[in-house]
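Each chain is listed here by its residues.
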Amino acid sequence: MGFNTKAYLQSKTDAAPLAVFRILFGIMMLFSIIRFWANGWIDKLYIKPKFHFSYYGFEWVKPLGDYTYLLFIICAVAALFIALGLKYRMAIIVFFLSFTYIELMDKTTYLNHYYFISLLSFLMIFLPANAYFSVDNVLRKASYKTIPKWCVDSVKLLLGIVYFYAGLAKINSDWLFRAMPLKIWLPSKYDLPFIGESLMQQEWFHYAMSWSGMLYDLAIPFLLLYKRTRWFAFALVVFFHVFTRVLFPIGMFPFIMIVSTLIFFEADFHNKIINTIKGILKLKTTVDLKPVLEVKREKALVPFLTVFFVIQLLFPFRYVLYQGELFWTEEGFRFSWRVMLLEKMGHTTFTIKNAKTGASFVVRNRDFLSSFQEKQMSFQPDFILEYAHYLGDHFTSQGHKNVQVFVESYVALNGRLSQPFIDKTVDLYKEKESFCHKAWILPFTDEIKGL
Amino acid sequence: MIKKVVSVVLLALVIFACSSSDGGESKPKDNFDRQTMLVNWADNIIIPAYEDLDSKLGALVAAKNTFTVTANQTNLEALRIAWLDAYKVWQHVEMFNIGKAEVDYYSAYMNIYPASVTEIESNIANGGYDLALANNQDAAGFPALDYLLYGVAADDNAILAMYTTNANADGYKLYLSDVVNEMKSLTEAVLNDWTTSYRSTFVNSTANTTTSSTNKITNDFIYYFEKGLRANKFGIPAGIFSGGVLYPEKVEAYHNQEVSKILALEALHASQDFFNGKAYNGTSDGNSFDDYLDYLQTITDGEDLTALINNQMNAARSQIQTVDSNFSNQVNTDNTRMTLSYDELQKVVVLLKLDMVQAMNISVDYIDADGD
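Residues numbered from 1 in each chain as written. Chains lettered and ligands numbered in written order. Predicted model: local features only at pLDDT ≥ 70, side-chain atom pairs only at ≥ 80, totals over all residues. Heavy atoms only, no water.

### As for the overall build of chain A
Alright, step 1. Across its full length, chain A carries 18 helices and 7 strands.
Alright, step 2. Here chain A has a C-alpha radius of gyration of 24 Å; the compact-globule value for 451 residues is 22 Å, and the two agree.
Alright, step 3. Its C-alpha atoms put chain A at 80 × 50 × 50 Å along the principal axes.
Alright, step 4. A buried classification covers 59% of the 451 residues belonging to chain A.
Alright, step 5. For chain A, the proportion of contacts with a sequence separation of at least 24, taken over those separated by at least 6, is 74%.
Alright, step 6. As presented, chain A carries roughly 19600 Å² of accessible surface, and 66% of it is formed by carbon and sulfur atoms. (Helix = DSSP H or I, 4+ residues; strand = E, 2+ residues; numbered from the N terminus. Rg over C-alpha atoms; globule rule 2.2 N^0.38 Å. Buried < 20%, exposed > 50% of the residue type's maximum accessible area, 1.4 Å probe, protein only. Contact = heavy atoms within 4.5 Å. Areas by Shrake-Rupley, 256 points an atom, 1.4 Å probe, with all protein chains shown as cover.)

Set out below in structure tokens:
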């Protein structure tokens, strides 16, 4: 092996790519938060519902009532500071904490790309993204021409993992050999101009999209890495993300990914961006340009980030520790870059029973959950269990005696006929949440092969 | 360099646009024109059902007018027949909570049951009521007539006495008259809206968005089946939601004592016909959910959902046929026949809400948050 770790860790690279990345990241986050607020989602998702689904171990993270808006303001201001490179280290820490807190408040809204933002902002805490072209340079009267190469490469690695693992997850029989769920999703886009009534209805097109999507995700990190294929890769990135944005309601994510992949480009490209910004804003550089930024405590930081990435590489495979079909039980499904793989719906009703008298009644989910929460709860076992406990506690506190909570649930997965999902003879009020397999999930009657 | 990025982005968009228009030339052989479904619903089911309801309510108004002039047994019976005729047709329109019906909360003024006897009596005693107010929703419509024609006194002689010799006989006649007139005018407004402007809005809203016709009517249909039919007619009286506490007085047409089953079967019949696109007047069969599902099945190699749903609706019908024609009696004597009917209807709900909606990829009243 010709790879010399020591030499690699000592090698430097231009500071401009990370600086541009920082600016674009901050701007994108600022827009995302403003958009989230403008859509009224803070109220709809975090203030209105009286009950919130928590992540196991993070039950203490709850919306803060009207102060939730303050949390979003803090997050937005931090994003702006990141873009400016003003008090960068403090800003990115505040951003990471506030953003992650927001995501932990209710797992109903879980999205892989929110998880990606949390991870990326965590990583950026340790990167000198304010070394160049930042307000901090002016305050400290110093800016740096180069930074350690691993700082830029770590961002590329994280992006590469997201794409590559999303590609690996697509290597399964539903995606490749049944073209599911695209076969369900694409025909319903009949109202698109030109292609809606034609391409979107063609079976071969569903397969073509499935296979090319898989190949795209697997190949794109490598195509971006090599200079000769970079422009081609970037064109693909733009095309794929714009295309998926047209097809699916995926918000800001495509734009964030398009902007993020710019970090793969060479330094002169980023310097031109910076010079353009300078030209527009008529900025004059008056600070000392020092040749090299030395990262503080680099000896501890590099092993720490190595462990971080090893965890990132292993964590998505934790599903192998669970029995049962991953797509069915979803044990080990989240935080694994499994994107767009499932068309899954559930119909789940809860019966409160008095263990002594046998008297029972059916709960109206809408009395307790928002429609979005009900939708997400209906096919995810950890939601069902948490909600069953909430109902049990609620009706016990209402004076009901010997409360048992039984669930009747049907779930349809990727175009299969709906089938029973939860063992309706099990009193879920007695079952505890844990990282172990949930034995009360009825087995999946079909087989899905693949990663 | 920056220009290069911009040009790549533009180029990608151009390629995107071009590949789009190329695709337009190759038409698939078995494409499904969703607009034919909307046209069939509007022209052959919804509007004819409203027209029939409007004419049945016209007959009800006439019978009421005769009765308020001469309150005798013959005219009372004629009025009751007109009431039931209209009530049966009502079962065909309650599900269409769209357009003016939705804006006006039409169905809330027509069929909230049980009617509030207290409110009706207090309205009659005090006068000066406004039936268009929301707090009078449970003192109006078919359930209020159910009370006024069957429940206002113990037997027919006593009922007739309320409209003739009772101290406030004029008050009772006026209230009866006002309730009927209000139902007629509400229905006219909804029907007029359909025939003048809403029909074209409805059939031209062909997109797949949360506010488009197909999505809204699908949501309405499923909501009606789950709430209006399954829960209101069976679940609530049978104590499904109340811990075994039975509510025999909450059946539809409680005071009549004989027709709750007829109305429930009519509602199931209406739902099944709508699912299959069967014309309201006659037997012609146009495009509806059944054909759409058949079309989707050809692309997805899926299960024959149309057959499954029809079979399950038939199973529900067979179960309902075993129930006493007076649901109230059934709840009091052997409630399990009610709960068994509920269970069969619930199976239809699962098929509609999960399997049908998944195949059509329609969002069911969910929030418009991002996905990933």
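Resuming the write-up.
### Comments concerning the pattern of salt bridges
Alright, step 1. Scanning all chains against the criterion turns up 34 salt bridges over all chains.
Alright, step 2. Residue Asp156(B) pairs with Arg80(B) through a salt bridge whose shortest N-O separation is 3.0 Å. With Asp156(B) in helix α8 (residues 156-164) and Arg80(B) in helix α3 (residues 73-93), this residue pair connects regions lying 76 residues apart in the sequence.
Alright, step 3. A residue is classified by how much of its surface remains accessible, and Arg80(B), at 10% relative accessible area, is buried.
Alright, step 4. Of the charged contacts, one joins Asp273(B) and Lys278(B) as a salt bridge, the two residues approaching to 3.9 Å between their closest N and O atoms.
Alright, step 5. Here the residues in one salt-bridge network are Lys107(A), Arg334(A), Asp382(A) and Glu386(A), joined through shared partners. (Salt bridge = Lys/Arg side-chain N within 4 Å of Asp/Glu carboxyl O.)

### A closer look at the pairing of strand β6 (residues 403-413) of chain A
Residue and element names in this part refer to chain A.
Alright, step 1. Most of β6 sits out of view: 10 of its 11 residues are buried.
Alright, step 2. Two strands pair when backbone bridges link them, and strand β4 (residues 344-354) and β6 are joined in this way by 11 bridges, in the antiparallel orientation. By the bridge assignment for β6, Ile352 is matched with Val405.
Alright, step 3. Inspection of the sheet shows β6 paired to strand β7 (residues 419-420) by 2 bridges, in the antiparallel sense. Looking at the pairing, Val411 lines up with Gln419 of β7.
Alright, step 4. Counting the residues between successive antiparallel strands, the hairpin from β6 to β7 contains 5 residues, one of them, Asn414, with a positive phi of roughly 45°. (Pairing = 2+ DSSP bridges.)

### Considering the UniProt feature "transmembrane region" (unreviewed entry) in chain A
All names here are of chain A.
Alright, step 1. Following the UniProt record, the feature "transmembrane region" (unreviewed entry) maps to residues 20-38, 69-102, 114-135, 147-166, 204-225, 232-265 and 300-321 here.
Alright, step 2. Helix and strand shares over residues 20-38 are 100% and 0% respectively, and the end C-alpha atoms of the span are 27 Å apart.
Alright, step 3. Along residues 300-321 one finds 68% helix and 0% strand; the C-alpha atoms at either end are 31 Å apart. (UniProt positions renumbered as here; feature names shortened; annotations may be inferred.)

### Here we look at a nonpolar patch on the surface
Residues and elements named next belong to chain A.
Alright, step 1. There is a patch of nonpolar side chains on the surface, built from Trp37, Leu64, Tyr67, Leu70, Ile73, Ile74 and Val77 and spanning about 640 Å² of accessible area.
Alright, step 2. Per-element tally for the nonpolar patch: the top contributor is helix α4 (residues 67-84), with 5 residues.
Alright, step 3. Mapped onto the secondary structure, Ile73 falls in helix α4.
Alright, step 4. Look at Ile73 and you get partly exposed, because its relative accessible area is 39%. (Patch = residues over 30% accessible without salt bridge, like charges linked within 9 Å, V, L, I, M, F, W, Y side chains within 5 Å.)

### Structural notes on the nonpolar core
Residues and elements named next belong to chain B.
Alright, step 1. Ranked by internal contacts, the top residues of the largest apolar core, which has 121 residues, are Trp83 and Phe202.
Alright, step 2. Residue contributions to this core peak at 15 residues, all from helix α2 (residues 34-69).
Alright, step 3. Structurally, this core is a two-domain feature, drawing no fewer than three residues from each of domain 1 (31-206) and domain 2 (207-363).
Alright, step 4. Trp83 has contacts with Leu60, Phe142, Leu145, Asp146, Leu149, Tyr150, Ala253, Asn256 and Val259, leaving out every residue within four places of it along the chain. (Core = buried A, V, L, I, M, F, W, Y, C linked by side-chain atoms within 4.5 Å. Domains from an automatic or database assignment.)

### Overview of the UniProt feature "domain: HTTM-like" (unreviewed entry) in chain A
Alright, step 1. Those residues carrying the UniProt feature "domain: HTTM-like" (unreviewed entry) are residues 10-269 of chain A in this numbering.
Alright, step 2. From the first C-alpha to the last, residues 10-269 of chain A spans 23 Å; its make-up is 66% helix and 4% strand.

### Some words on the pairing of strand β2 (residues 142-148) of chain A
Side-chain positions along a regular strand alternate between the two faces of the sheet.
Residue and element names in this part refer to chain A.
Alright, step 1. Within β2, 5 of the 7 residues are buried, which leaves it mostly tucked inside the rest of the structure.
Alright, step 2. Pairing of strand β1 (residues 12-14) with β2, which is carried by 3 bridges, proceeds in the antiparallel orientation. The partner of Lys12 across the bridge, within β2, is Pro148.
Alright, step 3. Note: β2 against strand β3 (residues 288-292), 4 bridges, orientation parallel. Of the residues in β3, the one forming a bridge with Thr146 is Val292.

### Focus: the sheet that holds β2(A)
Residue and element names in this part refer to chain A.
Alright, step 1. Pairing within the open sheet is mixed, and its 3 strands lie in the order β1-β2-β3. Only two strands of the sheet have a single partner each, and these edge strands are β1 and β3. Across this sheet, the average inter-strand angle for adjacent strands is 35°, counted without regard to direction. (Axes fitted to C-alpha atoms, helices over the stretch in contact; angles between N-to-C directions.)

### Considering the domain arrangement of chain B
All names here are of chain B.
Alright, step 1. The domains assigned to chain B are domain 1 (31-206) and domain 2 (207-363).
Alright, step 2. In this assembly, 40 residues from domain 1 lie in contact with 44 residues from domain 2.
Alright, step 3. Buried area between domain 1 and domain 2, both sides added, is near 3600 Å², and the carbon and sulfur share of it is 62%.
Alright, step 4. Our count for the contact surface shared by domain 1 and domain 2 stands at 1 salt bridge.
Alright, step 5. One salt bridge connects Glu102 with Lys216, and the closest N-O pair in it is separated by 2.7 Å.
Alright, step 6. Applying the counting rule to domain 1 against domain 2 returns 19 residue pairs in polar contact (both at pLDDT 80 or more).
Alright, step 7. Counting residues per element, the ones that place at least two in the side of domain 1 that touches domain 2 are α2, α3, α7 (141-151) and α9 (169-204).
Alright, step 8. Per element, the largest residue contribution to the side of domain 1 that touches domain 2 is 12 residues, and it comes from α2. (Buried area = accessible area lost by both parts, 1.4 Å probe. Polar contact = N/O pair within 3.5 Å; in protein donor to acceptor, adjacent residues only side chain to side chain.)

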